[in-house]
Amino acid sequence: FQLSEGKRKVLSPTSTTPYLAFLSHIALFSITMTSQYSKEEATEEELATYKVAFDAYDLNGDGVIDMEELQLGLEKAGGKSRMRASVFSLVHAVKDTPKEDAPTETLSFDDFANLMRSKELEEFFEKGQTDANSNDETASLESIYGQTPTPEETPTLIEEKIKELDNEMKKMPEKKKKGYKEAKEKCPDLVNDHDFKLMFLRCEVFNVQAAAHRLARYWDKRIEVFGPEKAFLPLTLEGALKDDHVALSIGHQQLTGHKDKDGRGIVFLDFSTEDSSKYERSSLLRAFWYVIHAALEDTETQKRGAVGLFRAVTRLSQWDARASKMIADSGRGVLPIRAAAMHVCHPPPIIDVLTKVTKVLLGAKLRKRFYVHAGSNEHVLEKLADYGISHEAVPTFWGGKLILDHQKWLDERSNS
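Residues numbered from 1 in each chain as written. Predicted model: local features only at pLDDT ≥ 70, side-chain atom pairs only at ≥ 80, totals over all residues. Heavy atoms only, no water.

### Concerning the overall build of the protein
When helices and strands are counted, the protein shows 20 helices and 9 strands. When burial is assessed residue by residue, the protein has 50% of its 416 residues classed as buried. The long-range fraction of contacts in the protein, counting pairs at least 24 apart against all pairs at least 6 apart in sequence, stands at 74%. (Helix = DSSP H or I, 4+ residues; strand = E, 2+ residues; numbered from the N terminus. Buried < 20%, exposed > 50% of the residue type's maximum accessible area, 1.4 Å probe, protein only. Contact = heavy atoms within 4.5 Å.)

### Observations concerning unusual backbone geometry
At Phe206, a position not held by glycine, the phi torsion is positive, near 65°. Looking at where Phe206 falls in the secondary structure, it is placed in the loop between helix H11 (194-203) and helix H12 (208-230). Residue Phe206 is classed as buried on the basis of its relative accessible area, which comes to 7%. Positive phi is not limited to glycine here, since His346 has a value of about 50°. Inspection of the secondary structure assignment puts His346 in the loop between strand E8 (339-345) and helix H17 (349-362). Overall, the relative accessible area of 23% leaves His346 in the partly exposed class.

### Points about H12
Helix length check: H12 (23 residues) gives 28 Å between terminal C-alpha atoms against 33 Å at 1.5 Å per residue, more than 12% under. Of all the bends found along H12, the most pronounced is centred on Glu224 and spans about 75°, while Pro228, a proline, follows it within four residues. A side-chain oxygen of the first residue of H12 lies 3.3 Å from the backbone nitrogen of Gln209; this N-cap is Asn207. (Expected span 1.5 Å × (residues − 1). Bend = angle between axes of the 7 residues up to and from the residue. Polar contact = N/O pair within 3.5 Å; in protein donor to acceptor, adjacent residues only side chain to side chain.)

### Here we look at the nonpolar core
Soluble globular proteins: nonpolar side chains tend toward being buried together. The biggest cluster of nonpolar side chains holds 60 residues, and the ones touching the most others in it are Met169, Leu201, Tyr218, Trp219, Phe226, Trp289 and Tyr290. Broken down by element, the residue count for this core peaks at 10 residues, all from H12. Apart from residues no more than four positions distant in its own chain, Phe226 is found in contact with Ala231, Leu235, Ala240, Leu241, Arg286 and Trp289. Tyr145, Ala341, Val380 and Tyr387 belong to the second-largest nonpolar core, a separate cluster that totals 19 residues. (Core = buried A, V, L, I, M, F, W, Y, C linked by side-chain atoms within 4.5 Å.)

In structure tokens, the structure reads:
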């Protein structure tokens, strides 16, 4: 979002889709709301933050978001006609200018700022985050995060489901399991390993068909990420990761060695370390695969999933969006891990706005698993504790007791 020689940088529809789609999704609840925004004057810092976000939606830089721009985001988000009608309602709900003074189907910056500061919007973001506060210490987080309950595993269940998974893979069309077939030839011990198959079954809560599709996609993606020479090697520091020490050492993803109160592994993701001049994105992606597989060495994490603690970039220009997309593509329906929840802690103002936007975009189900915690260290620690994350699992720079030493962890794994 930079200006160059007086002209706005033109963003492609693909790069702006996550931001534009926010407007279509936010419309789903805007119809039932009136636009009651804070009467207090916005600070210059708040307005500057809103302006950056507004400019991301204003594709042609004319100072308003028109319906064509709204429509682009809506179509990219898969919006139907009833959702398009909701977008029209959103525009009229937040407008601060008389209809005779401006086109009725545009959103000015003042309108956008009113929306971002509306009481209803704030209540919407807070809705769901208060659920944990009302539960006692023995309450399960499955309902809060909207997770499917983990079934009780018995030897009979496991044996039956593995057989069903094998049969499902046999029935799958050849064109959908090319990577899997190649893996069966080049690393049969791993492919046929029961514990390996069990990870995919647990990830999909023993839905055999879903596990089979994830398994097939896993091998296609693993070959893409590691290349045909390394994809079938063990995912160890001396094997498939032998050339990725730089990306591994920056600590973009780290295991905390702790779990929440229900047994989910806690992973720390530090986006403040992003600097594409210091690593190759493909190498950073392989490092992500390594850390996730290390997390999956724990049986309870396989069953219950993992919780992510996110440290945001300090400024928007630091964010390596391409790397984030590559990581997201591997996490979505590929790696056999249940993403239980994401907790973004202490984001700077602009990131706070954009993470809230993202929360709307995610939809109702995933929204239950996406949280933003701002304020003092004490306040954030209390919020995390509501979700079963103890002070011992929170890094010291957030007021917790966890001393992160990623290099020591790497050295210990290399020597083991």
